[in-house]
Amino acid sequence: MSFAQVLLEDFEGSPNLDGGFGGLASTAVVDDPEPMGTRGKVGRLIAQNAGQPWQGANLFLNPDVILTTDKTMTIDLYSLISIQILAKVDAG
């Protein structure tokens, strides 16, 4: 049995991050917001109170992710407030 982590997106190149969905959500690639942050570029999603409760963004990974044996993915998430998140892996 072996375990290996593969970095799928670091936002340093040209990430396939869409403009947001659910009304007023918007996305951008920005510098790490953490003071003295070491993560370089990160994807940012800004949701608005006036928008739909399911606001979000799509991140299209290239190459496609094959989740047949190991069905686990992890993300680093930074927020200034407590939030709920739902992630979905979908074959396009």
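Now for a quick tour of the structure.

Parameters and conventions
Residues numbered from 1 in each chain as written. Predicted model: local features only at pLDDT ≥ 70, side-chain atom pairs only at ≥ 80, totals over all residues. Heavy atoms only, no water. Helix = DSSP H or I, 4+ residues; strand = E, 2+ residues; numbered from the N terminus. Buried < 20%, exposed > 50% of the residue type's maximum accessible area, 1.4 Å probe, protein only. Contact = heavy atoms within 4.5 Å. Lys, Arg positive; Asp, Glu negative; His and termini not counted. Charge placed at Lys NZ, Arg CZ, Asp CG, Glu CD. Salt bridge = Lys/Arg side-chain N within 4 Å of Asp/Glu carboxyl O.

1. Description of the overall build of the chain
Looking only at helices and strands, one finds 0 helices and 4 strands in the chain. In the chain, buried positions account for 12% of the 92 residues. Intrachain contacts of the chain at a sequence separation of at least 6 include 48% that bridge at least 24 residues. Here the chain contributes 5 positively and 11 negatively charged side chains, and the mean placements of these two sets differ by 4 Å.

2. Let's talk about the environment of Asp70
Positionally, Asp70 belongs in the segment after strand E4 (59-60). By relative accessible area, Asp70 is classed as partly exposed at 40%. Here the alpha-carbon distance between Asp70 and Gly23, two residues 47 residues apart in the chain, equals 34 Å.

3. Some thoughts on the pattern of salt bridges
Overall, the coordinates contain 3 salt bridges when judged by the stated rule. Note that Lys41 is salt-bridged to Asp31, the shortest N-O span being 2.8 Å. Highlighted residues: Lys41 in strand E3 (residues 41-46) and Asp31 in strand E2 (residues 26-31), separated in sequence by 10 residues. Taking relative accessible area as the criterion, Lys41 reaches 30% and is therefore assigned partly exposed.

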